[in-house]
Amino acid sequence: INSFVARTNTCGELRSAHVGQEVTLCGWVQYQRQGLFMVLRDFQGLTQIIIPQDEAHSHVKKLLSDAPVESVVRVTGIVSPRPPGQENPKMPTGDIEVKAESAEILNSCKKLPFEIKDVVKKPEALRMQCRYLDLPSFQLQYNLRLRSRVVMKMREYLCNLHGFVDVETPTLFKRTPGGAKEFLVPSREAGKFYSLPQSPQQFKQLLMVGGLDRYFQVARCYRDEGSRPDRQPEFTQIDIEMSFVDQAGIQRLVEGLLQYSWPEERGSITTPFPSMTYEEALADYGTDKPDTRFGMKIVDISDFLQRSDIQFVQNALSYPRGTVKAIRIPQGVRYLQNKDLVSLKESAKSQFNQEVVEIICRPDGSMKSVLTKFLGERQRSELIQLLNMQVDDVVLLAAGEHKQVCSALGSLRLQSADLLEAAGLALRDPTAFHFLWVVDFPLFLPKEENPTELESAHHPFTAPHLSDTSLLYSDPTKVRSQHYDLVLNGNEVGGGSIRIHNAEQQRFVLETVLKEDSEVLSHLLEALEFGAPPHGGIALGLDRLISLIVDAPSIRDVIAFPKSFRGRDLMGSAPDYVSPEELEPYHIQVSWPLAEKEAKKS
């Protein structure tokens, strides 16, 4: 750690065993007090430097006493034990200090826009604008170094233990049908543009056709998704593809990969990870990425209320896939205020167009709800038993179309958990890591803008479930896919699939089901005709995974130079304007009103 550089030790490694040694430290002035001592900081820690007071070292005293905070200095001195009673048990170097004998200011620091201390709260926009001043914080240093360690262990596991080949794929390519919007890059050929790939999907499949057998890459990916909170226009994924593999093989590989690379300080993870189908996840949790750290599962009470005279319930059950479901909020009366319940119901209405009715369990065990008048005493008692209601519990009930009801209650489940925890009820263990595989997704979904047309639930290269292959040609809406998502604590951290390796099937999906122009993918279709092996893979979202491991509030806290949520680089002011002269070789002109606005500026 000290090879090739101008120091003998870091500021975080000196201990009592070093007493008497002459050392040279390089770092930043963290703190200086009355010309008596200073604290020097580097990436590894802090060391207290005693500023000499004798006449022989007056130049050293002046130099260190006058050095502004955050100046970069090099200090040479003797390691000494701290005087009895002055040890600092909170510092790893708290038993020693370095008595300075010589010093050099390597660079003086001007007045800072904010203090570089973890305890000082800074606006995030200012932190990103001066990211180089935010990076020294303990938490960011820890996050980035842990990320580096995890990636290195992943490389070891894949390359050294399992024969994977690390291949870099092109960043300049052509647009891919379906999926997220891609960034365009102009070329010198008029009207022709490159696209920045949202993933190396096509390339990794072509590598399998080329017989590489096992590929991986720490891949940079790009998505032009506009203003989306906690998303980045450029991100990193651990991209993996294998030949002659099935879904279970990919899952075992990923479980072993995560177990091998998991940081020791975060405990251990148990494999194999549990698995549930997409339909089970939606029915029990109202989402395809369930947080299984806590209960509050959705309960289906359709059969019970089928016998009731409640009109809105009967209306809901009369429709195809009509259902009545509920979630139980434990101790909701005690921890939630009336305004919280109003907010939850308004949220269901505004986001999902779903009405919600509450049921409260009184101290005497009776029900309080608008539904009470429609239920006899025995029915009320049975409903309380069915929902496992305890005193002070609150139940939120919704009736309507299955997916809409489940999605609304799934959202209310998470919002309720946030409210309960904010009020002091511990539900989700922040130190727990609950991995989960979600499988058997639908292969296609109706387009939002035109429900009579279909789009890929994930991407057009996903293979149909083996037992549903015949349905692909007769009723594609009922086809399940060989897609699998990896979920951690309610966040999707990976997704992959077994791919279509038959050219005719791929062409049918593109042209007949999705109504896409297959000519855009002619290179891939042609490759599949030349002996493509069965293959599959997965991509792990590295930014999201690391942010969950370190419990960061945002993925921006695990990226060295992130973009703002609007996709801007606040430090370098990117994107930026380009002059007409620079655009000319690319056959591009900026149209009004931007061009006129810039002309006025100049």
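Below you will find a few notes about this structure. Model, not experiment: these values are computed from the prediction.

Comments concerning the overall build of the protein
Logical step 1: Counting its secondary structure elements, the protein contains 19 helices and 22 strands.
Logical step 2: Within the protein, the fraction of its 602 residues that count as buried is 47%.
Logical step 3: The contacts in the protein between residues at least 6 apart in sequence include a share of 67% that link residues at least 24 apart.
Logical step 4: Of the accessible surface of the protein, which amounts to about 30,800 Å², a share of 52% is contributed by carbon and sulfur atoms.
Logical step 5: Side-chain charges in the protein split into 68 positive and 79 negative, and the spacing between the mean points of these groups amounts to 4 Å.

Focus: the packing of aromatic side chains
Logical step 1: Across all of its chains, the model carries ten aromatic pairs by this definition.
Logical step 2: Ring geometry for Tyr 31 against Phe 37: centres 6.2 Å apart, planes inclined by 50 degrees, an arrangement best described as tilted.
Logical step 3: Accessibility expressed as a relative area gives 38% for Tyr 31, which makes it partly exposed.
Logical step 4: By relative accessible area, Phe 37 is classed as buried at 19%.
Logical step 5: Taken together through their ring pairs, the aromatic side chains of Trp 262, Phe 273, Phe 433 and Phe 435 make up a single cluster.
Logical step 6: Over the ring of Tyr 260 we find Lys 153, and its NZ or CZ is 4.3 Å from the ring centre.
Logical step 7: Lying across the ring of Phe 294, Arg 413 places its NZ or CZ 3.8 Å from the centre.

Here we look at unusual backbone geometry
Logical step 1: At the junction of Thr 271 and Pro 272, the peptide bond is cis and its omega measures out at 0 degrees in the coordinates.
Logical step 2: Cis peptide bonds are those with omega within 30 degrees of zero, and the linkage from Ala 574 to Pro 575 qualifies with 0 degrees.
Logical step 3: As for its placement among the helices and strands, Pro 575 is situated in the loop between helix 17 (542–549) and helix 18 (580–583).
Logical step 4: Look at Asn 489: it is not a glycine, yet its phi comes out positive at around 50 degrees.
Logical step 5: Structurally, Asn 489 is set in the loop between strand 20 (483–488) and strand 21 (491–498).
Logical step 6: With relative accessibility at 9%, the residue Asn 489 sits in the buried group.

Description of the environment of Asp 291
Logical step 1: Mapped onto the fold, Asp 291 is located in the loop between helix 7 (278–285) and strand 12 (299–300).
Logical step 2: Exposure remark for Asp 291: the relative accessible area of 4% places this residue in the buried category.
Logical step 3: Sequence separation between Asp 291 and Val 487 is 196 residues; the distance between their C-alpha atoms is 8.1 Å.
Logical step 4: If near-sequence neighbours (up to four positions away) are discounted, Asp 291 is found in contact with Tyr 285, Arg 413, Leu 414, Arg 428, Asn 489 and Gly 490.
Logical step 5: Within the structure, Asp 291 has its side chain in polar contact with the side chain of Arg 293 (distance 2.7 Å).

A closer look at the sheet that holds strand 16 (residues 394–401)
Logical step 1: Taking strand neighbours across the sheet as the criterion, the five strands line up as 12-13-16-14-15 in an open arrangement whose pairing is antiparallel. What marks the edges here is a single partner per strand, and that holds for strand 12 and strand 15 (367–368).
Logical step 2: As paired elements, strand 14 (residues 357–361) and strand 15 share two bridges and run antiparallel to each other. Counterpart to Ile 360 in the pairing with strand 15 is Lys 368.

Digging into the side chain of Ser 195
Logical step 1: With respect to the helices and strands, the residue Ser 195 is situated in strand 8 (residues 193–195).
Logical step 2: With near-sequence residues (within four places) excluded, Ser 195 lies in contact with Thr 171, Leu 172, Phe 173, Lys 174, Arg 175, Glu 182, Phe 183 and Leu 184.

A short note on helix 17
Logical step 1: Among the eight residues that make up helix 17, eight are buried, leaving the element largely enclosed by the rest of the structure.
Logical step 2: Taken as a whole, helix 17 has its buried residues at Leu 542, Asp 543, Arg 544, Leu 545, Ile 546, Ser 547, Leu 548 and Ile 549.
Logical step 3: Packed against the buried residues of helix 17 are helix 4 (138–161), strand 10 (234–243), helix 6 (247–261), strand 20, strand 21 and strand 22 (535–541).
Logical step 4: The positive-phi residue at the C-terminal boundary of helix 17 is Asp 551, with phi of around 60 degrees.

About the criteria used
- Residues numbered from 1 in each chain as written.
- Predicted model: local features only at pLDDT ≥ 70, side-chain atom pairs only at ≥ 80, totals over all residues.
- Heavy atoms only, no water.
- Helix = DSSP H or I, 4+ residues; strand = E, 2+ residues; numbered from the N terminus.
- Buried < 20%, exposed > 50% of the residue type's maximum accessible area, 1.4 Å probe, protein only.
- Contact = heavy atoms within 4.5 Å.
- Areas by Shrake-Rupley, 256 points an atom, 1.4 Å probe, with all protein chains shown as cover.
- Lys, Arg positive; Asp, Glu negative; His and termini not counted.
- Charge placed at Lys NZ, Arg CZ, Asp CG, Glu CD.
- Phe/Tyr/Trp six-rings, centres within 6.5 Å; stacked < 30°, edge-to-face > 60°.
- Lys NZ or Arg CZ within 6 Å of the ring centre and 35° of its normal.
- Polar contact = N/O pair within 3.5 Å; in protein donor to acceptor, adjacent residues only side chain to side chain.
- Pairing = 2+ DSSP bridges.

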